[in-house]
Amino acid sequence: MNRTTVALVAAFGAVVLGLAVLLASEAVGASESFVVVGGVVALAGVGVLTGVVMRLPDPGEGEHGGDHA
């Protein structure tokens, strides 16, 4: 596994974990701080996912260097 794959898995895990905490704490009526923590974790995961995706190479620029149209 390379660094990009690990970063994608970790960021996706943070989004899922944050949303799970957010939804579960809202469903059971937990304190507002749990809702905030879940939202912050989910937003941090989205931010990391955005950063990782921005660093991926352009799929149109393959071995041959661009479009053939």
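Residues numbered from 1 in each chain as written. Predicted model: local features only at pLDDT ≥ 70, side-chain atom pairs only at ≥ 80, totals over all residues. Heavy atoms only, no water.

**Quick notes on the overall build of the chain**
- Each helix and strand in the chain was counted, giving 2 helices and 0 strands.
- Burial status across the chain gives 16% buried among its 69 residues.
- Sequence separation of 24 or more characterises 56% of the internal contacts of the chain that already satisfy a separation of 6 or more.
- Per element, the accessible surface of the chain, about 5300 Å² overall, is 68% carbon and sulfur. (Helix = DSSP H or I, 4+ residues; strand = E, 2+ residues; numbered from the N terminus. Buried < 20%, exposed > 50% of the residue type's maximum accessible area, 1.4 Å probe, protein only. Contact = heavy atoms within 4.5 Å. Areas by Shrake-Rupley, 256 points an atom, 1.4 Å probe, with all protein chains shown as cover.)

**Quick notes on helix α1 (residues 3-28)**
- Taking 1.5 Å per residue, 26 residues should reach 38 Å; α1 reaches 37 Å between its end C-alpha atoms and fits that length.
- Restricting attention to buried positions, one finds in α1 the residues Ala 11, Val 15, Gly 18 and Ser 25.
- The elements touched by buried residues of α1 are α2 (32-55). (Expected span 1.5 Å × (residues − 1).)

**With respect to the UniProt feature "transmembrane region" (unreviewed entry) in the chain**
- The feature "transmembrane region" (unreviewed entry), as given by UniProt, occupies residues 34-54 in the numbering adopted here.
- As annotated, residues 34-54 comprises 100% helix and 0% strand, and the C-alpha atoms at either end are separated by 30 Å. (UniProt positions renumbered as here; feature names shortened; annotations may be inferred.)

**Focus: the packing of α1 against α2**
- Contact geometry of α1 with α2 gives a least axis separation of 7 Å together with a crossing angle of 155 degrees. With respect to α2, the axis of α1 lies roughly antiparallel. Of the two elements, α1 crosses α2, and the hand of that crossing is left-handed.
- Taken together, the residues of the contact of α1 with α2 sort by class into 17 nonpolar, 6 polar and 1 charged. (Axes fitted to C-alpha atoms, helices over the stretch in contact; angles between N-to-C directions. Parallel < 35°, antiparallel > 145°, perpendicular 65-115°, else oblique. Left-handed = near helix turned anticlockwise from the far one by under 90°. Nonpolar A, V, L, I, M, F, W, Y, C, P; charged D, E, K, R; others polar.)

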